[in-house]
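Residue strings, one per chain:
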Amino acid sequence: MSSPIVRRREAPAVTPCQKFEGHTNWVDGAIHLPGGQRIMTCSWDGSLRVWNLKSGKQIGDDWQDEETKVRTIALSPDGKKVVSGSDDGGVRLWDIDTGKVIGRWMGHTDGVASIYWSRDGQRVLSGSYDGTARQWDVENGETILTPIKAGYTLFAVVYSPDMTLFATGGAERYHSSWDEDNKSVVKIWNAKTGELVATLEGHTYWVRCLVWTPNGKTLISGSYDNSIRTWNTSTWKQIALLEGHTSLVKCIAISPNSRILASASWDDTARLWNLDNNQPISSPLQHPDHINSVSFSADGKLLATGCGDANAYTWDVFAIVKEAGLDELLLDQRDKSILPADATRRPIRQPIIVRIPQGFFDDSPDRAHVSARHSLHPRSWASHANTLSVRFSSLFHPMHSDAQDTSSRPRPFHWVRNRLSGRQGGEIIELRARPSAVVDVPYAKGKRRNACARERRMKIIPLKPGNPATTTSRPPNNGTTQHSDGATQAPQSSQAQATGSTSTAPPIAHTTSHPNLDATIKNAGRWTRFWLFFCCASPEYTQGHQ
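Just so we're clear, the structure is a prediction, and the values are computed from it rather than from any experiment. (Residues numbered from 1 in each chain as written. Predicted model: local features only at pLDDT ≥ 70, side-chain atom pairs only at ≥ 80, totals over all residues. Heavy atoms only, no water.)

Asker: Sorry if this is basic, but what is going on with the packing of aromatic side chains here?
Answerer: The geometry of an aromatic ring pair is captured by the separation of the ring centres together with the interplanar angle, meaning the angle of the planes. Inspection of every chain in the model, using the stated rule, returns 14 aromatic pairs. Plain terms: the ring middles of Trp206 and Tyr224 are 5.0 Å apart, the flat faces sit at 50 degrees to each other, and that makes the pair tilted. Of this pair, Trp206 sits in the loop between β17 (196–200) and β18 (207–212) while Tyr224 sits in the loop between β19 (218–223) and β20 (228–232); the two residues are 18 residues apart in sequence, bridging distant segments of the chain. Here Trp206 matches Tyr224 in class, with each residue buried. Ring geometry for Trp212 and Trp236: centres 6.4 Å apart, planes at 80 degrees, overall edge-to-face. Taken as a pair, Trp212 in strand β18 and Trp236 in the loop between β20 and β21 (238–242) lie far apart in primary sequence, 24 residues in all. Each member of the pair, Trp212 as well as Trp236, carries the same accessibility label: buried. Ring pairs connect the aromatic residues Tyr129, Phe155, Tyr205, Trp206 and Tyr224, which therefore count as one cluster. Looking at Arg208, its charged tip hangs above the ring of Phe155, at a distance of 4.8 Å from the centre. Over the aromatic face of Phe318 sits the side chain of Lys301, whose NZ or CZ is 5.0 Å from the ring centroid. (Phe/Tyr/Trp six-rings, centres within 6.5 Å; stacked < 30°, edge-to-face > 60°. Helix = DSSP H or I, 4+ residues; strand = E, 2+ residues; numbered from the N terminus. Buried < 20%, exposed > 50% of the residue type's maximum accessible area, 1.4 Å probe, protein only. Lys NZ or Arg CZ within 6 Å of the ring centre and 35° of its normal.)

Right, here's the structure in full:
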């Protein structure tokens, strides 16, 4: 019995969002205009045209200056001007609002194949079949340096992001032959002096397109050898080789977040590449004819292509990337590094500062040393109610039992305000009527409600005046923090030594010789605070019952 035939599931074909028809010859360039509603194309029919992205219809008349092929266009950084390169060797500056030529820069003796704006918008770099690269001053239309003789026919020029360098690519014998020995290199030039900085060897045929990553660390080149190569701009060594096209790579573009590369090839396809691993993102974007140009929209979600069938197309990059399950490629590099850390970081639980006014425990002087079993000793309910009333009213009325140092006494409403605002720090209860102790209390989350007030206690070991704080053999508690917040708010004359001395092993309880210490409860739960407030039970817990 023969085994069943398992057919491999093929990825669905990607279709364009819109088609733009009207040109009568190859579309050699397509760019997005500001606002995200229009694109512009240039063609061998000698015209520039503006199109509505949604409807695919042309907006206004053709932009035309001379009867010459327009091979390349580029948008200025401020989005107000466009520069074009033509077969007559001219570089033209266009005003987007009027669609008119506002500058003609002549100097090249052959067709202009590539143009590029400097980041500040003050210069334009052009590369020509005449073998020279020129830098143009946008303000006056003059060349900044004498023409750079590259030594080969130029197909591609690009500025580095910091505008200190520019790169060129082309063919050594473009007009003579298409033989396989006609190799080409990428050359790096100093933009200020015109001197050659580096030569990048690796491509086996003409270099047709170049792009620099926005961070300036990588240069990418596409070639007639059907490959795309990435280069480290610190060492000028090749980093990676991207293969997949079956014909020459005519144009490449990088997404605004620097994570996706688009390539146009004469194999009638455009491809999207994941620059994190240099692999294709999806199946190729099929076209009716060879493709001459690609460009991303400002948000990176749309791709425009210019085709040899005299039409332009747009493609939904956002949908293509999501369909491939690579949503993270739509994020910026900053989001990529920050989001995972934020998503996995556990919140740090910090103690809350609680201050109880002076005199709150005055009615029960031995309360801190009474066992929980004896805290329910029979007594008058009227007396108990009266005690609660006195304690509660003490929160809202200042205590006058001590006429001295009234300025340093905490105000009752300050304690209420701090409790409601969820103040952070060490959770501190101040007992100013008599000496008190610093006590560590285990967190009581998940315990029975009454456990906080009735069952769990910790023995406080009193010390003789003048002796240093003692510690027990209790294992260290990782959640223990230094008790400095409360101590610094007491009078400095008596607190200086208390805050400055700290034992290496976390103590359970310790006291000092001065009369105004704090009893510190760390990481107390809501029910602990509730019973402390209404029942005034001793806040001490034993570690052994945790």
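Asker: Sorry if this is basic, but what is going on with the pairing of β17 here?
Answerer: Here is the key point about a regular strand: its side chains alternate between the two faces of the sheet. As paired strands, strand β16 (residues 186–190) and β17 are joined by four bridges and run antiparallel to one another. Bridge pairing in β17 places Trp189 opposite Leu196. Between β16 and β17, which pair antiparallel one after the other, the connecting turn spans five residues, and Gly194 there sits at a positive phi close to 80 degrees. (Pairing = 2+ DSSP bridges.)

Asker: Whenever I open this one, the side chain of His290 confuses me. Can you help?
Answerer: By the secondary structure assignment, His290 is in the loop between β26 (285–286) and β27 (291–296). A polar contact of 3.0 Å, which involves the side chain of His290, links it to the side chain of Asp289. Apart from residues lying up to four places away in sequence, His290 is in contact with Trp26, Ser265, Trp266, Asp268, Cys307 and Gly308. (Polar contact = N/O pair within 3.5 Å; in protein donor to acceptor, adjacent residues only side chain to side chain. Contact = heavy atoms within 4.5 Å.)

Asker: Looking at this structure, how should I read the environment of Lys192?
Answerer: Residue position: Lys192 is located in the loop between β16 and β17. Judged by relative accessible area, which is 64%, Lys192 ranks as exposed. Between the C-alpha atoms of Lys192 and Gln135, which are 57 residues apart in sequence, the distance is 10.0 Å. In this structure, Lys192 is in contact with Leu145 and Thr164, ignoring residues within four places of it in sequence.

Asker: What's the story with the pairing of strand β3 (residues 38–43) in this structure? I'm lost.
Answerer: With five of six residues buried, β3 is to be regarded as a mostly interior element. Across five bridges, strand β2 (residues 27–32) lies against β3 in antiparallel orientation. Of the residues in β3, the one forming a bridge with Ala30 is Thr41. Where β3 meets strand β4 (residues 48–52), five bridges bridge the pair, whose relative direction is antiparallel. If you follow Arg38 over to β4, its bridge partner there is Asn52. The hairpin formed by β3 and β4 contains four residues between the paired strands, and Gly46 there has a positive phi angle of roughly 90 degrees.

Asker: Could you clarify how one ought to interpret the sheet that holds β4 in this entry?
Answerer: Within the open sheet, the four strands sit side by side as β2-β3-β4-β5. Their pairing is antiparallel. Each of the sheet's edge strands pairs with one partner strand only, and the pair in question is β2 and β5 (58–63). Looking at each pair of strands side by side, their axes are set apart by 15 degrees on average, direction ignored. (Axes fitted to C-alpha atoms, helices over the stretch in contact; angles between N-to-C directions.)

Asker: Would you take a moment to explain the nonpolar core for this structure?
Answerer: Among soluble globular proteins, nonpolar side chains are generally buried collectively. Within the largest apolar cluster, 21 residues are counted, with the highest numbers of intra-cluster contacts made by Ile260, Leu272, Val294, Phe296 and Leu303. Sorting the residues of this core by element identifies β22 (249–254), β23 (260–265), β24 (269–274), β27, β28 (302–307), β29 (312–316) and α1 (317–323) as the ones contributing at least two each. Ignoring anything within four residues of it in the chain, the contact list for Val294 reads Cys251, Ile252, Ala253, Ala262, Ser263, Ala264, Ala270, Leu303, Ala304 and Thr305. Leu165, Val186, Val207 and Trp236 belong to the second largest nonpolar core, which has 14 residues in total. (Core = buried A, V, L, I, M, F, W, Y, C linked by side-chain atoms within 4.5 Å.)

Asker: Would you explain the pattern of salt bridges in this entry?
Answerer: Two side chains that carry opposite charge are able to pair once their charged atoms sit near each other. Under the defined criterion, the tally for this structure stands at twelve salt bridges. Residue Asp45 pairs with Arg49 through a salt bridge whose shortest N-O separation is 3.7 Å. Its relative accessible area of 16% is what places Asp45 among the buried residues. Classification of Arg49 as buried rests on a relative accessible area of 9%. Each of Asp65, Asp88, Arg92 and Arg104 takes part in a single network of salt bridges with overlapping partners. (Salt bridge = Lys/Arg side-chain N within 4 Å of Asp/Glu carboxyl O.)

Asker: Help me understand the side chain of Ser126, please; the structure alone is not making it clear to me.
Answerer: Examined against the element boundaries, Ser126 turns out to sit in strand β11 (residues 123–128). What makes Ser126 buried here is its relative accessible area of 0%. A polar contact is formed between the side chain of Ser126 and the side chain of His108, at a distance of 2.8 Å. Setting aside residues no more than four positions away along its own chain, Ser126 makes contact with Val91, His108, Val112, Ser114, Ile115, Thr132, Ala133, Arg134, Trp136 and Val157.

Asker: Even after reading the chapter, I still don't get the sheet that holds strand β6 (residues 70–75), so can you show me in this structure?
Answerer: Whenever strands of a sheet pair, they do so through backbone hydrogen bonds, lying parallel or antiparallel. Taken in spatial order, the four strands line up as β6-β7-β8-β9 in an open sheet, and their pairing is antiparallel. Each edge of the open sheet carries a strand with a single partner, namely β6 and β9 (100–105). Averaged over all adjacent pairs, the angle separating strand axes in this sheet is 25 degrees, with direction ignored. Relative to strand β7 (residues 81–86), β6 is paired through five bridges, and the arrangement is antiparallel.

Asker: Looking at this structure, how should I read the state of the cysteines?
Answerer: Working definition: the covalent bond between the sulfur atoms of two cysteines is a disulfide. Counted under the stated rule, the structure contains zero disulfides. The thiol of Cys209 is not disulfide-bonded; the next cysteine sulfur, from Cys251, is found 5.9 Å away. (Disulfide = S-S within 2.5 Å.)

Asker: Sorry, what's going on with unusual backbone geometry here?
Answerer: Only a minority of non-glycine residues have a phi that is not negative, and only a minority of peptide bonds are not trans. The phi torsion at Asn226 lies on the positive side, around 75 degrees, for a residue other than glycine. Tracing the backbone through its elements, the reader meets Asn226 in the loop between β19 and β20. The residue Asp268 is not glycine, and still its phi comes out positive at about 70 degrees. By the element assignment, Asp268 lies in the loop between β23 and β24. Overall, the relative accessible area of 24% leaves Asp268 in the partly exposed class.

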